[in-house]
Amino acid sequence: QVQLQESGPGLVKPSGTLFLTCAVSGGSISSSNWWSWVRQPPGKGLEWIGEIYHSGTSNYNPSLKSRLTISVDKSKNQFSLKLNSVTAADTAVYYCARQGDYGTKNLDFWGQGTLVTVSS
Amino acid sequence: EIVLTQSPDFQSVTPKEKVTITCRASQSIGSSLHWYQQKPDQSPKLLVKYASQSISGVPSRFSGSGSGTDFTLTINSLEPEDAAAYYCHQSSSLPATFGGGTKVEIK
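Attention in this report is confined to the structure presented alongside it. These numbers come from a predicted model, not from an experiment. Residue numbers restart at each chain and count upward from 1, following the sequence in its written direction. Think of it this way: whatever chain is written first is A, whatever ligand is written first is 1, and the rest follow in order. Only residues with pLDDT of 70 or above have their local features reported here, since the model is predicted, and side-chain atom pairs are shown and tallied only from 80 upward, although totals for entire chains, interfaces and linings are computed over all residues. Computation of side-chain values: all heavy atoms of the structure, hydrogens and water removed.

1. What to know about the sheet that holds strand β7 (residues 62–67) of chain B
Residues and elements named next belong to chain B. Using the following cut-off: Being paired, for any two strands, means DSSP has found at least two bridges between them. To qualify as a helix, a DSSP run of H or I must reach at least 4 residues; to qualify as a strand, a run of E must reach at least 2; elements of each kind are numbered from the N terminus. Comment: axis = line fitted to C-alpha atoms, over the contacting stretch for helices; angle = value between 0 and 180 degrees taken between N-to-C directions.
Reading across from one edge, β1-β3-β8-β7 is the order of the four strands in this open sheet, with antiparallel pairing throughout. The open sheet has two edge strands, β1 (4–7) and β7, and neither has a second partner. Here the strands of the sheet are splayed against their neighbours by 15° on average, with no regard to which way each runs.

Here's what the structure looks like:
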């Protein structure tokens, strides 16, 4: 059973950088799956942030693309998210998730989520 | 960007009732539509993939239908543990997008 675990600071200052890591266990990040980030502002709906394949190929939400970097570390079996120049609007629970097998794009395994608050 | 519009936003239902949630896409997405359940303080859980494909371990009372622009999630005979928010998600084109969610409350 694949498990994902997000980690990173829970508080980031405005104009600072948000950095989160998603550790994958019970499976290999080098499998034929894409790996995604999704966020959810408090009391609101879900927003797709972006995705990455173990080769390093990535796709980003255009609304975040200028500030966003998603990377993969195969040696540590994890992938990461870096978001620059954060504002209060970036306050959210951040989830990492795995897309399905055989190129399917449904999100079948999710981390428990981590709340990141942007505040001074 | 493909916009997904869910309805209703909120539904209050008695146990054993049937629940129908709809998701309309702003353009045709074939069958690239997935449904998730999210209970309070939990991460989303996949219920149905590709419009109507069942997921192992998900109760059979959950089913999906539709194609193109109009999709439906049906919960037959609602159970108290089905109180949650439900979201649709399209993967037909990037960026992937989610519907605004439907909150189901048990009367």
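The structure having been displayed, the exposition proceeds.
2. Thoughts on the interface of chain A and chain B
For interface size, the figure often reported is the accessible area lost on association. Put simply, the rule reads: The contact definition used throughout considers only heavy atoms, calling two residues in contact when any of these lie within 4.5 Å. The term buried area denotes the loss of accessible surface (1.4 Å probe radius) that occurs when two parts are joined, taken as the sum for both partners. Think of a salt bridge as a Lys or Arg side-chain nitrogen and an Asp or Glu carboxyl oxygen that are within 4 Å of each other. All residues other than Ala, Val, Leu, Ile, Met, Phe, Trp, Tyr, Cys, Pro, Asp, Glu, Lys and Arg, Gly among them, are scored as polar; the first ten of these are nonpolar and the last four charged.
With 20 residues of chain A at the interface, the matching set in chain B holds 16 residues. For the pair chain A and chain B, the two sides together bury roughly 1,400 Å², of which 66% comes from carbon and sulfur. Per-residue buried area on chain A facing chain B is highest for Leu46(A), Trp48(A) and Asn106(A); these three make up 38% of the total on that side. The interface formed by chain A and chain B includes zero salt bridges. Contributing elements (two or more residues each) for the side of chain A that touches chain B: β4 (35–40), β5 (47–52) and β10 (107–110) of chain A. Of the residues belonging to the side of chain A that touches chain B, the class tally is seven nonpolar, eight polar and five charged.

3. Let's talk about the pattern of salt bridges
In total, this model carries nine salt bridges over all chains according to the counting rule given. Residue Asp101(A) pairs with Arg98(A) through a salt bridge whose shortest N-O separation is 3.3 Å. Note that Arg61(B) and Asp82(B) form a salt bridge whose closest N and O atoms lie 2.8 Å from each other. Of the two residues, Arg61(B) sits in the loop between β6 (53–54) and β7 while Asp82(B) sits in the loop between β8 (70–75) and β9 (84–90), which places them 21 residues apart along the sequence. If you follow the salt bridges from partner to partner, you end up with Arg39(A), Glu47(A), Arg67(A) and Asp90(A) in one network.

Any link to function would need more than the numbers given here.
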